[in-house]
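Structural overview for review
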Amino acid sequence: MFLEWLTVRESAALLGISDRAVRKSAENNIYTSRYVDGVGGSSGKQLLIALESLPQEAQDRYHKRVLEEKTEAYTNPGKHIEDAEFKASVVKSYLNSHLDCSKFLRKYNEEHETSITLKQLYSWRDKFKTKGIEGLIDKRGGHNRGHSSVPDDAWEFFKAAYLSQDRRTFEWCYRETKKQFPEIPSLQAFKTRFGTIPEATVILERFGKEAYKALTPYYERDPACLDSNDIWFSDHTPLDILVNVEGKLRRVTLTLWIDAHSRKLLSWIVRVQSPNTDIVKQTLGEAIKLHGVPKEVYVDNGKDYRAKDGLDNDNNYSMAHLLGINTIYATAYHGQAKTIERFFKTLEDQFSKQFKTYIGRNAQDRPERTKKKSDAQLLKMAPTFIELKQKLEDYFAKFNETAHGGKGMDGRSPNEVYYRDLKEKREISVANMDGFRLLCGRNKVYTVQRNGLRVNDATFYNMELVLRYSKQKVRVFYDPANIDEITVTDLEGRFICSAKANAKSVFRDRTADDYREAKHIKKEFYKLVKSYGPDPNIDVNMLIAQKQAEELAALPERTVSETTEIVPYEVPLMKELSKGTEPTADNEQEANSDEITKAMLNYLRKIDQEGGIA
């Protein structure tokens, strides 16, 4: 989001205080400020104040004044003649002074309390020399200023077409409007009238509420109304210093936690690698171990701070939820809402710019001394990574002990205010420190596989885990600083086991010791599996047979009732088969299966001839 910059005099008028008071507040980082090349200052640099960093009342007064000026411009054409006369008087004074433009403007702005720029003076001079005072009159709109030539009904149709989330182009909407109202004026007339619609209205209607929120004033709680540990801020920032990291020029990134009330720097880390959620949780954990658990944290809207297991209040297993910390995310594009942004500006001015390899935020801010140096020359000038870390640590220690002039500080140092207003310290007990260490690490849900768990390209094996939870989901906790061991719980948070990584060498084949270890693991796993099995001394078949015998013995003797009718049940095939197998005195001992087979074949042939069984 682009900030709107005001001069010191404009800011003082809005605030109702002196220019000196505004400058002092800017120096103390109460207001967001910057220096630009120009006139009006004693050093050729002009101090500008961000409108968005001023109190809301001052911002409201500014917007009201701008609106009144726009209204005046549309309803009072005579005002433009007065403006032209003023511009002409400035040009005449300049021409009569025989000074160069910069010196003249510095003197004129100081004497008349104006903020005319070099660009404005050059433009006024050229127009005055060409057409006189008439050339300085703003003729946009002419006599019809404030009275648009666009008919109201056509204008309403155009607005309905353009101020839509369909985001049609301006030209397309004009063409469609002309189809409905053929007599409308030119496209430029529509553009002129469209300039009267506030930007916020355009954003709201074409891009929606979320985009509109980025334009609305942000709310910042008064630090003086807080106690220590009520709110902590955190963010990342690249340091604009070239550092010698193992013989290469690199930039490093700082991650910082700061107390909102006292401005005390609580914990930090500087590293070459890009920041991530691991670093956010690590530095927060270090701050908590030293200073206790905060009530709220106010952090950037980036993905590093939005990880599920980090500061997400909606996740029951996030660090913030388990520690009872409420997370507030900065509104998108409103990073200036955080006090920490002001500290980063102070850090740049008081620390980064003291190094010979300071390169600025962009190419325009980069000092000439670094532009003209080769990488080899810069490498000799650059501090080493260790040197930078030590200097940064010294600076932070000094900052915490230096008197501060911000709201609620009363000229005291961050350390003094922090400990004076620390009403409650929610401290992690020694007994819970191991669990806290896991919270400061990462946790994620994994599925147990045949070989255990695969986490960060490493395999973690535990016999009990594989046996009881194979193909089930579990939650894994690990410390990024020590990825050789993990702690596993079920999805309800109940402890299952700890597991160590299986070490595999990528530089050689497995040795005999490796095989012996693998054989031992398999043997132990087999024992564990068998331990869950049945007692080998129990003969199940024998026990079942014994039980069946007992059940049969206990059954009462059953006989056919006298009322039961006995009905012979005959099946033709069985009757025929019986005929061929009826024993006689002569052949009883000679009957055999061959005769039975022969009788069956004869019967089947007979059935086939008669057309089947009746």
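Per chain, residue numbering runs from 1 following the sequence as it is written. Local features in a predicted model are, by the rule used here, given only for residues with pLDDT of at least 70; side-chain atom pairs are given and counted only at 80 or more, and totals for whole chains, interfaces and linings are based on all residues. Water and hydrogen atoms were dropped before computing side-chain values, which therefore reflect all heavy atoms in the structure.

Description of the packing of aromatic side chains
Our working definition: Only the six-membered ring of Trp is used, alongside the rings of Phe and Tyr, when aromatic pairs are assigned; centres must lie within 6.5 Å, and planes under 30 degrees apart are stacked while those over 60 apart are edge-to-face, with the rest tilted. Only runs of H or I of at least four residues qualify as helices and only runs of E of at least two qualify as strands under DSSP, and these elements are numbered from the N terminus. Categorising residues by exposure relies on relative accessible area from a 1.4 Å probe, with only protein chains included: less than 20% of the type maximum marks a residue as buried, more than 50% marks it as exposed, and the intermediate range marks it as partly exposed. The rule is short: NZ of Lys or CZ of Arg within 6 Å of the ring centre and within 35 degrees of the ring normal puts a charge over the ring.
Inspection of every chain in the model, using the stated rule, returns 23 aromatic pairs. Geometrically, the ring pair formed by Phe158 and Tyr162 is stacked, given 5.9 Å between the ring centres and 10° between the ring planes. Of this pair, Phe158 and Tyr162 both sit in helix α7 (residues 152-162), separated by four residues, roughly a single helical turn. Among the residues examined, Tyr162 registers a relative accessible area of 12% and is labelled buried. Relative to Phe396, the ring of Tyr395 lies with its centre 6.0 Å away and its plane at 55°, an arrangement referred to as tilted. Ring-pair connections join several aromatic residues into one group, and the members of that group are Trp268, Phe343, Phe344, Phe351, Phe355, Tyr395, Phe396 and Phe399. Above the ring of Tyr162, the side-chain terminus of Arg206 is found at 4.0 Å from the ring centroid. Against the face of Tyr329 rests Arg306, its NZ or CZ located 3.8 Å from the ring centre.

With respect to the environment of Asn315
How we decide: Whether two residues are in contact is decided by their heavy atoms, any of which lying within 4.5 Å being enough.
Along the chain, Asn315 turns up in the loop between β9 (296-299) and α13 (319-323). Here Asn315 falls in the buried class, since its relative accessible area comes to 16%. Leave out the neighbours within four places in its chain, and Asn315 touches Lys308, Asp309 and His321.

Describing the pairing of strand β14 (residues 473-479)
Stated formally: A pair of strands is considered paired only if DSSP assigns at least 2 bridges between the two.
Taking burial as the measure, the seven residues of β14 include six buried ones, the bulk of the element. Of the pairings in the sheet, the one linking β14 to strand β15 (residues 482-489) comprises five bridges and is antiparallel in character. Paired with Tyr478 across the strands is Ile486, a residue of β15. The antiparallel hairpin formed by β14 and β15 contains two residues in its connecting segment.

Considering the packing of α7 against helix α8 (residues 170-180)
Worth spelling out the cut-off: Orientation is described by axes fitted as lines to C-alpha atoms, over the contacting stretch for helices, and by angles from 0 to 180 degrees between their N-to-C directions. The scheme is simple: roughly parallel for angles under 35 degrees, roughly antiparallel for over 145, roughly perpendicular for 65 to 115, oblique for anything else. It is the rotation of the near helix from the far one that decides the hand of a crossing: anticlockwise by less than a right angle makes it left-handed, clockwise makes it right-handed. We call Asp, Glu, Lys and Arg charged. Ala, Val, Leu, Ile, Met, Phe, Trp, Tyr, Cys and Pro are nonpolar, and the rest, Gly among them, are polar.
The interhelical angle for the contact between α7 and α8, taken along N-to-C directions, is 140°, at an axis separation of 9 Å. The angle between the axes of α7 and α8 places the two elements in the oblique class. Of the two possible hands of crossing, α7 and α8 adopt the one that is right-handed. Packed against α7, whose contacting residues are Ala154, Phe157, Phe158, Ala161 and Tyr162, the element α8 presents Phe170, Cys173, Tyr174, Glu176, Thr177 and Gln180 at the interface. Residue composition of the contact of α7 with α8, by class: eight nonpolar, two polar and one charged.

Remarks on helix α2 (residues 19-27)
Residues that lie three or four places apart on an α-helix share one face, since the helix turns once every 3.6 residues. The line we're drawing: Directions are taken from the helix axis to each C-beta atom, and the arc is the one they span.
For α2, the full list of buried residues reads Val22, Ser25 and Ala26. For α2, the arc enclosing every buried residue in end-on projection is 100°, short of the 170-degree limit, so these residues lie on one face. What points out from α2, more than 90 degrees from its buried face, is the exposed set Arg20, Lys24 and Glu27. In the stretch just after α2, Asn29 is the one whose phi turns positive, near 65°.

Considering the nonpolar core
The following threshold applies: What is meant by a nonpolar core is a set of buried Ala, Val, Leu, Ile, Met, Phe, Trp, Tyr and Cys residues, joined one to another through side-chain atoms within 4.5 Å.
Among the nonpolar cores identified, the biggest contains 27 residues, and Leu239, Leu254, Phe343, Leu347 and Phe396 are the most heavily contacted of them. For this core, the secondary structure elements donating two or more residues are β4 (231-238), β5 (243-245), β7 (253-259), β8 (265-271), α14 (339-350) and α17 (385-400). At five residues, α17 tops the list of elements feeding residues into this core. In contact with Leu254, not counting residues within four places along its chain, are Asp235, His236, Thr237, Leu239, Trp268, Ile269, Val270, Phe344, Leu347, Leu392 and Phe396.

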